[in-house]
Amino acid sequence: MTEKHVRTALDEHGEKGEFKRVDAAWRSWIKKGDPEFPPEKDRYHLYISLACPWANGCFCVLKMKGLEDTIGVSIVHPTWQKTNAGVDDHSGWAFKDPSDPPTANQ
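J.: Looking at this model, I keep getting lost on the environment of arginine 43. Mind explaining?
T.: If you trace the backbone, arginine 43 turns up in the segment before strand E1 (45–49). Assessed through its relative accessible area of 39%, arginine 43 is described here as partly exposed. Each C-alpha atom, one on arginine 43 and one on threonine 70, is 8.3 Å from the other, the two residues being 27 residues apart in sequence. Not counting residues within four places of it along the chain, the set of residues in contact with arginine 43 comprises Glu36, Phe37 and Pro38. For arginine 43, the side chain forms a polar contact with the side chain of tyrosine 44, separated by 3.0 Å.

Encoded structure:
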């Protein structure tokens, strides 16, 4: 298995601030016969923010394919903040009650 590095969307920009998509570090397929990623009910879970267009696309495909009873989904709060403030510099979507109002980004 190759080494994977954690990064955030903030790492994917050019010198002028334009978005520069970087190939995903995790690029595997869930398919029959695959020993690492076999298709199994409740084995996979999708974490999304409705503020993210790519996550919305994943959620739409999951619904169109009728996989909502096979793959669990958690919708995170639409607030981008430090995930372990004071511990490291990683930023990401906040796990809060989706009905909470947005908070200031940190």
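Once you've had a look at it, read on.
J.: Honestly, the side chain of aspartate 34 in this entry has me stumped. Any pointers?
T.: Tracing the chain through its elements places aspartate 34 in the segment before E1. Here the side chain of aspartate 34 touches glutamate 36 through a polar contact of 2.7 Å, landing on its backbone nitrogen.

J.: Whenever I open this one, the nonpolar core confuses me. Can you help?
T.: Generally speaking, soluble globular proteins have nonpolar side chains that are buried together. In terms of nonpolar packing, the biggest core is built from 7 residues, these being Tyr44, Leu46, Ile48, Cys52, Ala55, Leu62 and Ile71. Listed by contribution, the elements that provide at least two residues to this core are E1 and helix H1 (53–64). Among all residues touching tyrosine 44, those that are not within four sequence positions of it are Ile30, Phe37, Pro38, Pro39, Ile71 and Gly72.

J.: Explain unusual backbone geometry here, please?
T.: Glycine aside, the phi torsion of most residues is negative, and most peptide linkages are trans. We note that aspartate 42 has phi near 65 degrees; this positive angle belongs to a residue other than glycine. If you trace the backbone, aspartate 42 turns up in the segment before E1.

About the thresholds
Residues numbered from 1 in each chain as written. Predicted model: local features only at pLDDT ≥ 70, side-chain atom pairs only at ≥ 80, totals over all residues. Heavy atoms only, no water. Helix = DSSP H or I, 4+ residues; strand = E, 2+ residues; numbered from the N terminus. Buried < 20%, exposed > 50% of the residue type's maximum accessible area, 1.4 Å probe, protein only. Contact = heavy atoms within 4.5 Å. Polar contact = N/O pair within 3.5 Å; in protein donor to acceptor, adjacent residues only side chain to side chain. Core = buried A, V, L, I, M, F, W, Y, C linked by side-chain atoms within 4.5 Å.

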